[in-house]
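Spelled out from the first residue to the last, the chains are:
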Amino acid sequence: MTETQRETYDPGALEARWQAEWEEGGINSFTASELRSAPNPYYNLMMFPYPSAEGLHVGNIYAFTGADVHGRFQRLQGRDVFEPIGFDAFGIHSENFALKVGTHPMELIPRNVANFTRQLRRIGGMFDWDHTVDTTQPEYYRWTQWLFLQLYKGGLAERKEAPVNWCPSCMTVLANEQVIQGACERCDTGVEQRRIAQWFFRISGYAERLLENLDHIDWSDSTKKAQRNWIGRSEGALLRFPVAGSTPGPDSPQEEGEVVEVFTTRPDTVFGATYMVLAPEHPMVDRFTSPGRRGEVEAYRRRASAMDMVTRQKVEEKEKTGVFTGGYCRNPATGEDVPVWIADYVLMDYGTGAIMAVPGHDERDFEFATAFELPIVRVVNPHGEEGDDPPAEPFMGDGTMVNSDRFDGLPVSEAKEEITAWLQERKLGEARVSYRLHDWCISRQRYWGPPIPIVHCPACGPVPVPEEELPVLLPRVEDFKPDAQGVSPLARVEEWYRTTCPECGEEARRETDVSDTFLDSAWYFLRYPCADRDDVAFDEEITRKWLPVDCYIGGNEHAVLHLLYARFITMALKDLGHLDFEEPFTVFRAHGLIIREGAKMSKSKGNVIIPDRIIEEYGADTFRTYLMFLGPFEEGGDYRDEGIHGPYGFLKRLWETVVPVAELGDRPPDPEVERKLHQTIRKVSEQLPELQYNTSIAAMMEYLNAVRAGGRAAARGEVEPLVVLVAPFAPHLSEELWRRLGHQGSIFQGGNWPEYDPAKAEEKSATIAVQVNGKVRATLTAPVGIAEEEALELARSDENVQRHLDGGEIRRVIYIQDRLLNLVVG
RNA sequence: GCCGGGGUGGCGAAACGGUAAACGCAGGGGACUUAAAAUCCCCCGGGCUUAGGCCCUUCUGGGUUCGAAUCCCAGCCCCGGCACCA
């Protein structure tokens, strides 16, 4: 045994050495001038983590490794890859946890961040630690506040009293996105409605643009679909139902009488609208309520507002409820009076908060009408059917109009247009597009966030804090518990909120709400390259050079929250003249989910993977490689504890194969092995950009097996390129082997990705499957490019093929070059 | 209910419409060892067969095709998201 053979693969020591070398050499970080001058910039972004007390979980590591593999691959191909990481540390998660353990978040968060940083370094990501962000640092949130002011000045932020989702347990307002089936996404408590003055960003005005741009960006399909659904565009009409008894004139109903506006996607069915329903919160409910019904109406409204969202979760089982107001409107098509009800199945949030009910052609209205014995009228017949009797089931399909006066006989699609036009002429309606997307409520009645930089002045109203006075520091407050009344903790800190008006100098009061965490993360990618700048949020020149982000990788759980807000903020900043692009992420890829032994991981099940322990035992390279080997990156995979032996053995064998080569000198590569090498280079080079990591690793394993087949020793030319192919997955090991092969510096400097040579990859002989009537009866080995006749000749001489031909006539021959020959016999 | 993604060996998974199961885990056998580890070699979907080989097998049922895991239709099941959105 020689000394070199005894030197074993020791990932712990090797990885520590290389991490130190990267650090000292600044291999992964850019200086300010490098950022300006990089010839071939590539911005590789991953979703920054929320630094929990538990430390990085495998899901984080999986995502970061997948993104890092991509970044390293780009770098090996000669790109100047900027790969930053940071911490999304504001918000209710941190705050609730701090409350639970009784430690102030200002102490807790830095501790968690330090631990995360340690772990992030340990997994060997190519992070630029000189350009990191922590959203809770004044140096960062100063610019979050600046961003708010830009939107405010641009008219995109407004304060309005609005019904909001209120979680009585977390004691805070929730965004619609944070309400899951009527319950708080965090604590599962039923969500109530409250009216509070809130700050909103007018994202709904961007709905169409946010929707349209989806056609032009290279994002995971599932993510785009989710955004489309969330935006929820629907075409229809706004129809006006005059209030009965208010004597509307035919020309200008609004002037002479009141109207109720409804949004419908089925204006064609207006002749079948036999009643109306307002949301319980609708402002006109009082107007309709007759004295005799007031008590009932009031009771219903109270009940609805208390349990609104909660009861709505059980749509299926729930019986429709509602109350007649005693009032009537006139159907603008039939001229008949229809009763006005209120019911919680109509949402104040959507459309106009009021509907025309067409029980004949809408399931919900049908159910309601049946329950309360309201009239049902047929206005659409299925194609080929005739009749004008009330349908026994609501009919939503296509058909022809009936009971609709002069529109009878028209198909639904035409009736939609003509009836809308007809009502429009009489100013009783117009075509309208409606969106599900609401304005973004950014106010939070909590402590752990950036104070919204506004001063409320009794004389001047809301006044923005002058930019030069930013940041508005979040004060250290010991008692930061949320308040049951929905008053922000900061509202209890008088010495903090008492201030003077920036405009008139009179005594005034600071806004005591803080902003939503999603605002912090809606722009962080702009900050990274300029994280060292304290004079601007982001530098114009640097931004033009590095953005938009070339590739963004993250979880699809953020498909509609973070990703939509980031797009909106980018568009808004463009409109306000701060950016020259409007889509922040050129490419977005959603990664899959890791499960363990076939089951979802959760703390309660006690089956979470503890990364530190695995890395300690096998090394970061093995852990990374295994995670990427589990399954297709975009689909996720099943982490089985024993499976890690595969990738570990692979890296170990790679070490054992390459180390002797480095020390024992050279000889020419074996031609067969070299062929396989170039085939492998091709596969890996093609698959890595597609994030097909698992099959890339498989190809490399297959190749290493070929190199080592029968215990043969490798030649340098056989393994040196493999060391580079492996580098994105196992960067430390590759660095070490690269150095031992005699190279100076880092493998990641200088575009070392191997060139694929098609000539060398070419096979000399092909294995051709011979089928008789579609069943394989023989395989033959023949020179590549063999002609059909020759292949046929060879096939015929095969005994087994002959037997199956059995003297029958060959009716047809299908020949696929170098692959397959199918003989069809009759 | 709607929108995504899936159903392939004991397991994780591969397969431009062209030899299903590459790669890996687990398992079995062998070589080398005093022994173990490491390493290397072989086997490893099911059923037949003396051999040569044959039949079956990608959730189910139909279809298109010379040929289907792959395309089309219908259905079942699992995972994720949304959900009275008018």
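The structure this text deals with has already been given above.
**Some words on the overall build of chain A**
Secondary structure summary: chain A contains 29 helices and 32 strands in total. Along the first, second and third principal axes, the C-alpha atoms of chain A reach 100 × 85 × 50 Å. Going through the 826 residues of chain A one by one, you find that 54% of them count as buried. Taking the average place of the 88 positive charges on the side chains of chain A and the average place of its 131 negative ones, the gap between the two points comes to 3 Å.

**Details of the environment of Gly-486**
Secondary-structure assignment places Gly-486 in the loop between strand 21 (461–464) and helix 15 (494–497). With relative accessibility at 11%, the residue Gly-486 sits in the buried group. Non-local contacts of Gly-486, meaning those with residues more than four positions away in its chain, are made with Trp-166, Arg-194 and Gln-445.

**Remarks on the pairing of strand 3 (residues 157–167)**
The sheet contact formed by strand 3 and strand 7 (residues 192–201) spans ten bridges and is antiparallel. Along strand 7, the bridge assignment pairs Glu-161 with Ala-197. Where strand 3 lies against strand 4 (residues 172–174), three bridges are found, and the strand directions are antiparallel. By the bridge assignment, Asn-165 is partnered in strand 4 with Leu-174.

**Looking at the side chain of Glu-718**
Topologically, Glu-718 is positioned in helix 25 (residues 716–726). With a relative accessible area of 0%, Glu-718 lands in the buried category. Within the structure, Glu-718 has its side chain in polar contact with the backbone nitrogen of Asp-670 (distance 3.0 Å). A distance of 3.0 Å separates a polar atom in the side chain of Glu-718 from a polar atom in the side chain of Arg-712. If sequence neighbours within four positions are ignored, Glu-718 has contacts with Pro-669, Asp-670, Val-673, Leu-677, Tyr-703, Val-707 and Arg-712.

**Re the packing of aromatic side chains**
Tallying each qualifying case throughout the model produces 51 aromatic pairs. Arranged with centres 5.3 Å apart and planes meeting at 75°, the rings of Phe-30 and Trp-546 form a pair that is edge-to-face. Here Phe-30, found in the loop between helix 2 (11–25) and helix 3 (32–37), pairs with Trp-546, found in helix 18 (residues 540–546); they are 516 residues apart in sequence, far enough to count as distant. Of the two residues, Phe-30 and Trp-546, neither departs from the other in class, the shared state being buried. Taken together, a centroid distance of 6.3 Å and an interplanar angle of 80° make the contact between Phe-263 and Tyr-350 edge-to-face. In this pair, Phe-263 is assigned in strand 10 (residues 259–264) and Tyr-350 in the loop between strand 13 (337–342) and strand 14 (354–357), connecting sequence segments 87 residues apart. Judged by its relative accessible area of 11%, Phe-263 falls in the buried class. Ring pairs connect the aromatic residues Phe-148, Tyr-152, Trp-199, Phe-201, Tyr-206, Trp-440, Phe-518, Tyr-565 and Phe-568, which therefore count as one cluster.

**Here we look at the pairing of strand 29 (residues 765–772)**
Judged by how many residues are buried, strand 29 sits mostly within the fold: six of eight residues are covered. Bridge analysis of strand 29 against strand 30 (residues 775–783) gives eight bridges, and the strand direction is antiparallel. Bridge pairing in strand 30 places Ala-769 opposite Thr-779. Joining the antiparallel neighbours strand 29 and strand 30 is a turn of two residues, in which Asn-773 adopts a positive phi near 50°. Relative to strand 32 (residues 820–825), strand 29 is paired through four bridges, and the arrangement is parallel. Paired with Gln-771 across the two strands is Asn-822, which belongs to strand 32.

**Description of the pattern of salt bridges**
In this structure the tally under the stated criterion is 54 salt bridges. The residue Lys-652 makes a salt bridge to Glu-656 at a minimum N-O spacing of 3.2 Å. Highlighted residues: Lys-652 and Glu-656, both in helix 22 (residues 645–664), separated by four residues, approximately one helical turn. Taking relative accessible area as the criterion, Glu-656 reaches 35% and is therefore assigned partly exposed. With a shortest N-O distance of 2.8 Å, Glu-720 and Arg-716 are connected by a salt bridge. Residue Glu-720 and its partner Arg-716 are both found in helix 25; the two are separated by four residues, about one turn of the helix. For Arg-716, a relative accessible area of 24% gives the class partly exposed.

**Structural notes on helix 2**
Here helix 2 is 15 residues long and its end C-alpha atoms lie 21 Å apart, about the 21 Å a rise of 1.5 Å per residue gives. Buried residues of helix 2: Pro-11, Leu-14, Glu-15, Trp-18, Gln-19 and Trp-22, and no others. One side of helix 2 carries all its buried residues, which in axial view fall inside an arc of 130°. Remark: Gly-26 follows helix 2 within two positions and exhibits a positive phi of approximately 60°.

**What to know about the sheet that holds strand 10**
Strand order across the open sheet formed by three strands is 10-9-17, with antiparallel pairing between neighbours. Strands with a single pairing partner mark the edges of an open sheet, and in this sheet they are strand 10 and strand 17 (429–434). Adjacent strand axes in the sheet meet at a mean angle of 30°, parallel and antiparallel pairs treated alike. By the bridge criterion, six bridges tie strand 9 (residues 234–242) to strand 10 in an arrangement that is antiparallel. Across the sheet, the residue bridging to Phe-241 is Val-260, located in strand 10. Taken strand by strand, helix 14 (residues 412–425) contacts strand 9 and strand 17, and its axis lies near 125° from that of strand 17.

**A closer look at the nonpolar core**
Counting 173 residues, the largest nonpolar core has Phe-201, Trp-440, Tyr-524, Phe-525, Ile-569 and Tyr-639 as its most contacted members. Contact partners of Phe-525, with chain neighbours within four places excluded, come to Tyr-43, Leu-45, Leu-547, Val-549, Ala-566, Thr-570, Pro-584 and Phe-585.

**Some words on the sheet that holds strand 30**
Read across the sheet, four strands follow the order 30-29-32-31 without closing on themselves; strand pairing throughout is mixed. Looking at the sheet topology across the chains shown, the edges are occupied by strand 30 and strand 31 (810–816). Going across the sheet, the axis of each strand differs from the next one's by a mean of 20°, ignoring polarity. Running over the sheet, helix 28 (residues 788–796) touches strand 29, strand 30, strand 31 and strand 32 and is turned about 115° from strand 31.

**Focus on helix 5 (residues 92–101)**
Among the residues making up helix 5, those that are buried are Ile-92, Ser-94, Glu-95 and Ala-98. Buried residues of helix 5, seen end-on, are gathered within an arc of 160° and therefore sit on one face of the element. At its buried positions, helix 5 is contacted by helix 6 (105–122) and strand 4. A positive phi of about 70° marks Gly-102, the residue just after helix 5.

**Some remarks on the side chain of Thr-135**
Its location among the elements puts Thr-135 in the loop between helix 6 and helix 7 (138–153). For Thr-135, a relative accessible area of 0% gives the class buried. In terms of polar contacts, Thr-135 uses its side chain to reach the backbone amide nitrogen of Ala-89, at 3.0 Å. Those residues in contact with Thr-135 that sit more than four places away from it in its chain are Phe-48, Phe-87, Asp-88, Ala-89, Phe-90, Tyr-140, Tyr-141 and Asp-520.

The rules behind these values
Residues numbered from 1 in each chain as written. Chains lettered and ligands numbered in written order. Predicted model: local features only at pLDDT ≥ 70, side-chain atom pairs only at ≥ 80, totals over all residues. Heavy atoms only, no water. Helix = DSSP H or I, 4+ residues; strand = E, 2+ residues; numbered from the N terminus. Buried < 20%, exposed > 50% of the residue type's maximum accessible area, 1.4 Å probe, protein only. Lys, Arg positive; Asp, Glu negative; His and termini not counted. Charge placed at Lys NZ, Arg CZ, Asp CG, Glu CD. Contact = heavy atoms within 4.5 Å. Pairing = 2+ DSSP bridges. Polar contact = N/O pair within 3.5 Å; in protein donor to acceptor, adjacent residues only side chain to side chain. Phe/Tyr/Trp six-rings, centres within 6.5 Å; stacked < 30°, edge-to-face > 60°. Salt bridge = Lys/Arg side-chain N within 4 Å of Asp/Glu carboxyl O. Expected span 1.5 Å × (residues − 1). Arc of directions from axis to C-beta. Axes fitted to C-alpha atoms, helices over the stretch in contact; angles between N-to-C directions. Core = buried A, V, L, I, M, F, W, Y, C linked by side-chain atoms within 4.5 Å.

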